[in-house]
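# Commentary on secondary and tertiary structure
Each chain, letter by letter, is given below.
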Amino acid sequence: MLHKLLSVLTILSMITIHSQLQSPDKFLGYELGTYFSRHHQVLDYFKHMDNNSTLIKLESYGNTNEGRLLQLVFISSEGNLNNLESIRANHLKNSGVVLGKKNDDKVIVWLSYNVHGNESSSTEAAMKTAHDLITKHTDWLEDIIVIIDPCINPDGRDRYVNFYNQVKSTPNDIQTFTREHQEEWHNGRTNHYIFDLNRDWAWLTQLESNQRIVQYNKWLPHIHVDFHEQGINSPYYFAPAAEPYHEIISPFQKSFQEVIGKNHAKYFDKKGWFYFTKQHFDLLYPSYGDTYPMFLGAIGMTYEQAGGGVAGLGVKNEENITLTLKDRIEHHFTTGISTIEIASLYKTTLNKNYQLFYKNNGLKYKNYVMEGHSDKLDALKSLLSKHEIKCYQLDENKNIKGYDYQKQINTSANFSKNALVVPTNQPKGKLIQSLLEPQTKLNDSLTYDITSWSLPYAYGLKAIATKASLSSSIYSSELNNSTTLSDSVYGHAITYNSFKDGVFLASILKEKIGVRFNSVPLKNSGKYWDRGSLFILKGDNQNHSNYLEKVAELAFIFNRKLVPIKSGYSSEGPDLGADELELIKPPRIALLKTDQTSSYNYGEVWHFFEQALGYPIIQVDDNQLTSALEHIDQLILPGGYYDKWSEENAFDNILMKWLDKGGKIVALSRALNRFADTNSFKLKMKEREKLDITEIPYGDQSKNEMSLITSGSIFRADLDKTHPLSFGLDNYYSLKLNETAYEFLNNGNNAFTLGSNAKEVSGFIGIKAIKNQSKSLLFGEETVGKGKVIYFVDNVLFRGFWYSGKIAFTNALFFL
């Protein structure tokens with residue numbers, strides 16, 4: 001009798017809790033899958049749920065570049081939601097982030113939707129999943145905290161939804177060639193700056209990523225799922241993932257994917273839905289929404305539904321199957337619920353193995369030690385700190401044994417006091433290894449992304465990985481509390497050593513303050529000034545009444561220490577009025593967009609100017625370039641698939657006249673093909689070796705083709721230290737994203753090159769492809785009349801995380 005009474009009371013309480021709660025269909029006024037929901041409608045629905053259920057809680061965590069709200073949804077029992085903070089702190093004890101007794105109290109499941117805005121079924125599925133959880137699966141919620149991010153990329157989603165709603169036919173057309181299935185160049189996949197947020201988990205270059213990672217670090221869940229869409233002809237993909245796996249992924253993490261995958265298969269089998277596992281989507285590159293959580297102890301998984309921007313409300317694929325938005329929602333809904341179901345059944349197992357992961361047994365090295373200019377160390381430390389990785393500095397000068405990144409051998413090297421030390425004996429030791437290790441172990445060269453990203457190379461640092469214990473203290477940056485500049489001296493100067501110096505220079509130029517650089521070394525005012533040092537002299541700023549106040553203000557903002565210059569007379573080298581002290585004219589720089597331009601590379605340049613360098617950029621479509629040329633000094637041509645330069649092309653003739661008069665083109669990566677092997681320019685592409693497949697079995701041909709390519713390998717460049725592109729760089733490691741190679745420029749400036757024995761220091765490159773890299777150009781300069789073309793063979797701004805590349809690119813803008 002008592003049992004029956006309790007059951008009745010439970011039912012009555014649930015009725016009270018959900019008395020006003022509406023389904024997504026009823027609240028939105030249409031059946032899910034018949035329209036695309038805009039972001040504000042999604043927010044409104046979750047707000048409705050929050051107002052009408054005690055099992056849901058909303059937490060905003062920021063805004064996008066275009067001002068849209070970013071929001072997390074917490075779903076659990078009422079008691080759990082009332083004690084969310086204590087549950088969070090208790091859970092973090094299992095990772096060691098918070099000290100205390102290990103426990104298996106709760107399971108944390110995080111579901112991330114719509115990181116690619118035009119993979120739009122997942123946000124719709126998020127609403128259905130949330131409603132289903134709190135109306136049908138309340139028995140799971142005592143032991144689980146479900147965290148839902150309904151839309152990681154609202155700007156991209158609304159861009160796609162607005163496009164589709166504006167152009168679709170009524171009724172919708174399922175033929176792929178129709179307008180509603182052909183997105184525009186800046187499509188909905190990416191965020192405002194055309195960045196792929198699913199490649200930014202580790203590098204944190206984007207606003208959305210920076211805000212999200214703060215929340216992720218607060219929870220460090222047991223399971224993280226990233227919902228995606230793929231091509232319309234593919235069946236559904238769910239875990240287990242394909243090889244290669246990064247070696248730090250534990251056997252349990254691998255095997256538990258099987259448990260989850262088999263549960264999904266059970267539901268898909270009942271419906272007769274097609275699916276595949278263990279193919280295409282590997283777990284190596286650390287900056288994905290499945291791998292990054294893996295490296296922090298979670299079961300990180302990608303779920304891929306057929307669809308994407310081409311799918312619309314419905315589309316007919318190559319198998320003559322009509323794929324509808326309703327189908328796509330249902331599939332993602334099913335795997336989401338299935339994931340939570342498994343989590344509810346394996347609470348103790350998940351917690352036990354999560355705790356074991358954080359013991360950090362078997363890591364290769366105890367410490368990673370890096371040395372370089374303080375700005376570069378500060379920049380790397382800043383990135384690591386966002387991941388809540390603790391950084392230290394050496395207490396004394398020390399000779400350290402270990403793997404030398406530069407020499408590529410185990411040896412010993414001297415490091416100075418205050419060198420950056422990152423120990424792996426901390427909760428995120430395995431993430432540290434994945435980001436800093438010199439070489440990533442590969443058990444399969446066929447990967448979904450790049451195979452090398454080692455941050456000491458990206459930042460151009462002297463580095464060693466050691467198994468030794470080191471005496472160190474908490475890392476601290478040098479701060480200049482105030483800057484006072486005297487009007488009684490000849491001027492002020494600063495050496496140029498880092499990207500931060502480039503940002504300072506950009507800020508000076510924006511204020512129309514005169515600044516010079518020295519093209520040869522000199523000694524003045526008791527100090528040696530290497531090439532590229534910046535001189536702000538009184539004689540260049542006679543008409544700028546408060547220039548010293550502005551310089552002092554900017555020096556304080558950017559933490560720069562300027563040295564007073566007492567006289568224009570140099571004790572060694574040229575005086576400060578000599579030709580070798582070149583005045584930098586504030587350039588008017590344009591970024592060219594054509595239908596052939598890589599949207600990703602365009603976005604990288606756009607973001608670099610607005611969010612990294614802080615210097616104005618003029619965005620120009622190719623149909624307006626002729627009008628724009630008289631208003632610009634430089635033109636940036638991002639990577640892309642362009643037509644060859646032709647003397648018979650009227651547009652190219654206009655551009656050539658602009659170059660002849662002193663214009664400058666900066667060409668990135670694949671844009672070089674526009675100039676290569678033409679009559680107008682000296683750039684020559686090296687001929688690629690071809691693969692003879694005559695005697696290779698059909699099934700082995702794709703593997704053998706790997707000998708011709710690279711999947712993100714790192715090479716050490718030979719630098720012409722006298723060339724302005726090398727200013728601020730002691731060394732340079734180039735990330736090669738494709739195997740294309742170019743000859744040295746004949747009678748041009750070959751500033752950065754690969755030598756006759758070029759060999760990768762990290763990452764995969766095929767045996768035939770590497771032969772072509774020997775004696776090849778990396779960065780160079782060609783003179784055309786009074787103008788010039790700067791060639792960057794490799795994409796120095798790739799995903800915004802290659803720090804040294806930012807320096808070289810800045811040099812091309814201001815010193816050439």
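This section reports on the structure supplied with the text.

### Looking at the overall build of the protein chain
Broken down by element type, the protein chain carries 23 helices and 37 strands. Relative to a compact globule of 816 residues, whose C-alpha radius of gyration would be 28 Å, the protein chain shows 29 Å and is just as compact. By residue count, 59% of the 816 residues in the protein chain fall in the buried class. Pairs at least 24 apart in sequence give 78% of the contacts found in the protein chain among residues at least 6 apart. Surface accessibility of the protein chain: about 32800 Å² in total, with carbon and sulfur atoms responsible for 48%. Within the protein chain, the 91 negative side-chain charges are centred at a point lying 5 Å from the centre of the 86 positive side-chain charges.

### What to know about the sheet that holds strand S31 (residues 713-716)
Ordered in space as S33-S31-S35, the three strands form an open sheet in which the pairing is antiparallel. The open sheet terminates on both sides in strands that have one partner only, identified here as strand S33 (733-736) and strand S35 (760-762). When the angles between neighbouring strand axes are averaged without regard to direction, this sheet yields 45°. Here four bridges tie S31 to S33, and the two strands are oriented antiparallel to one another. Across the sheet, Arg-716 pairs through a bridge with Tyr-733, a residue of S33.

### Description of the environment of Asn-94
Mapped onto the elements, Asn-94 comes out in the loop between helix H5 (84-92) and strand S3 (107-112). Residue classification places Asn-94 among the buried positions, given a relative accessible area of 1%. The spacing of Asn-94 and Ser-121 is 27 residues in sequence and 34 Å in space, taken between C-alpha atoms. Among the polar contacts made by the side chain of Asn-94, one reaches the main-chain amide nitrogen of Asn-103 at a distance of 2.9 Å.

### Considerations on the packing of helix H9 (residues 251-271) against helix H11 (residues 325-345)
For the pair H9 and H11, the least separation of the axes is 9 Å and the interaxial angle reads 130°. The orientation of H9 relative to H11 falls into the category oblique. Note on packing geometry: the crossing formed by H9 with H11 is right-handed. Every residue of H11 that contacts H9 at Phe-256, Val-259, Ile-260, Asn-263, His-264, Tyr-267 and Phe-268 is listed here: His-331, Thr-334, Thr-335, Ser-338, Thr-339, Glu-341 and Ile-342. For the contact of H9 with H11, the per-class residue count stands at six nonpolar, seven polar and one charged.

### Things to note about the side chain of Gln-773
Within the secondary structure, Gln-773 is located in helix H22 (residues 767-773). Those residues within four positions of Gln-773 in sequence are excluded, and the remaining contacts are Phe-715, Lys-736, Glu-739, Thr-740, Ala-741, Leu-754, Ala-758 and Ile-765.

### Some remarks on the environment of Ser-60
Among the secondary structure elements, Ser-60 is positioned in strand S1 (residues 56-63). By relative accessible area, Ser-60 is classed as partly exposed at 44%. Ignoring anything within four residues of it in the chain, the contact list for Ser-60 reads Leu-69, Leu-70 and Gln-71.

Scoring rules and cut-offs
Residues numbered from 1 in each chain as written. Predicted model: local features only at pLDDT ≥ 70, side-chain atom pairs only at ≥ 80, totals over all residues. Heavy atoms only, no water. Helix = DSSP H or I, 4+ residues; strand = E, 2+ residues; numbered from the N terminus. Rg over C-alpha atoms; globule rule 2.2 N^0.38 Å. Buried < 20%, exposed > 50% of the residue type's maximum accessible area, 1.4 Å probe, protein only. Contact = heavy atoms within 4.5 Å. Areas by Shrake-Rupley, 256 points an atom, 1.4 Å probe, with all protein chains shown as cover. Lys, Arg positive; Asp, Glu negative; His and termini not counted. Charge placed at Lys NZ, Arg CZ, Asp CG, Glu CD. Pairing = 2+ DSSP bridges. Axes fitted to C-alpha atoms, helices over the stretch in contact; angles between N-to-C directions. Polar contact = N/O pair within 3.5 Å; in protein donor to acceptor, adjacent residues only side chain to side chain. Parallel < 35°, antiparallel > 145°, perpendicular 65-115°, else oblique. Left-handed = near helix turned anticlockwise from the far one by under 90°. Nonpolar A, V, L, I, M, F, W, Y, C, P; charged D, E, K, R; others polar.

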